[in-house]
Amino acid sequence: MAFKCDLCGKGPLVGNQVSHANNKTKRRFMPNLQSRRFFVESENRWVSLRLTNAGLRTIDKKGIDVVLAELRARGEKL
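A quick note: this is a predicted structure, and the numbers were derived from the prediction, not measured.

Analysis parameters
- Residues numbered from 1 in each chain as written.
- Predicted model: local features only at pLDDT ≥ 70, side-chain atom pairs only at ≥ 80, totals over all residues.
- Heavy atoms only, no water.
- Helix = DSSP H or I, 4+ residues; strand = E, 2+ residues; numbered from the N terminus.
- Rg over C-alpha atoms; globule rule 2.2 N^0.38 Å.
- Buried < 20%, exposed > 50% of the residue type's maximum accessible area, 1.4 Å probe, protein only.
- Areas by Shrake-Rupley, 256 points an atom, 1.4 Å probe, with all protein chains shown as cover.
- Lys, Arg positive; Asp, Glu negative; His and termini not counted.
- Charge placed at Lys NZ, Arg CZ, Asp CG, Glu CD.
- Core = buried A, V, L, I, M, F, W, Y, C linked by side-chain atoms within 4.5 Å.
- Contact = heavy atoms within 4.5 Å.
- Pairing = 2+ DSSP bridges.
- Salt bridge = Lys/Arg side-chain N within 4 Å of Asp/Glu carboxyl O.

**Q** Hey, could you run me through the overall build of the chain in this one?
**A** Within the chain, the regular secondary structure consists of two helices and four strands. Beginning at the N terminus, the succession of helices and strands in the chain can be written as β-β-β-β-α-α. Against the globule reference of 12 Å for 78 residues, the chain gives a C-alpha radius of gyration of 17 Å, more extended than a compact globule. The dimensions of the chain, computed from C-alpha atoms along their principal axes, are 55 × 20 × 20 Å. Taken across its 78 residues, the chain has 23% of its residues classed as buried. When the accessible surface of the chain is split by element, carbon and sulfur atoms take 49% of a total near 5,900 Å². Positive and negative side-chain charges in the chain, numbering 16 and 7 respectively, have mean positions lying 13 Å apart.

Here's what the structure looks like:
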C-alpha cells in the first residue's frame with residue numbers, strides 16, 4: 001500500500017534534517033494520513049478511505065457523495 005492520500009494524492013516529500021551544528025542529512029516529510037470509514041447513505045454501505053487531514057476537510061466541505069463521484073470519474077476503485 002502506497003503512503004498516499006486516496007483523495008488528493010499527497011505523498012512523502014524529501015528534504016534535509018538540519019542539526020544545531022548545521023549538518024544536513026536526508027529525511028522524509030510524511031503526510032498526515034488517517035484511515036476513516038464513511039457511511040454512504042445513497043449506497044447503504046461503508047467506504048474505507050486513507051486520507052490526509054486536507055482530504056478530510058474536503059469531504060466536510062463537499063460531502064462524501066460528491067467526493068466519491070469525483071474519485072469514480074478519475075477511475076479509482078472503491
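There's plenty left to go through after this.
**Q** Explanation requested: the nonpolar core in the structure shown.
**A** Side chains that are nonpolar tend, in soluble globular proteins, to be buried together. In terms of nonpolar packing, the biggest core is built from 14 residues, with Leu7, Phe38, Leu49, Leu51, Ile59 and Ile64 touching the most fellow members. Of all the secondary structure elements, the ones that give two or more residues to this core are strand E3 (33–40), strand E4 (45–52), helix H1 (53–62) and helix H2 (64–74). Looking at this core, the element that brings in the most residues is H2, giving four residues. If we ignore the near neighbours within four places in the chain, the residues touching Leu51 are Cys5, Leu7, Asn32, Leu33, Gln34, Phe38, Leu56 and Ile59.

**Q** Quick question: what am I supposed to make of unusual backbone geometry here?
**A** Glycine aside, the phi torsion of most residues is negative, and most peptide linkages are trans. The phi angle at Asn22 is positive, at roughly 65°, despite the residue not being glycine. Of note, Asn22 is situated in the loop between strand E1 (13–18) and strand E2 (24–29). The backbone phi angle of Asn44 is positive, close to 55°, even though this residue is not glycine. Secondary-structure assignment places Asn44 in the loop between E3 and E4.

**Q** Is there a simple way to explain the pairing of E4 in this structure?
**A** A regular strand carries its side chains on alternate faces of the sheet. Sheet topology places E3 next to E4; eight bridges connect them, and they run antiparallel. Residue pairing across strands places Leu33 opposite Thr52, the latter belonging to E4.

**Q** Help me understand the pattern of salt bridges in this model?
**A** Opposite charge on two side chains permits pairing when their charged atoms draw close. Taken as a whole, this structure holds four salt bridges when the rule is applied. Close ionic contact of Glu70 with Lys62 constitutes a salt bridge, the shortest N to O distance being 3.2 Å. Judged by relative accessible area, Lys62 falls into the partly exposed class, the value being 42%. One salt bridge connects Glu76 with Arg74, and the closest N-O pair in it is separated by 3.9 Å.

So yeah, pure geometry; function would need other evidence.
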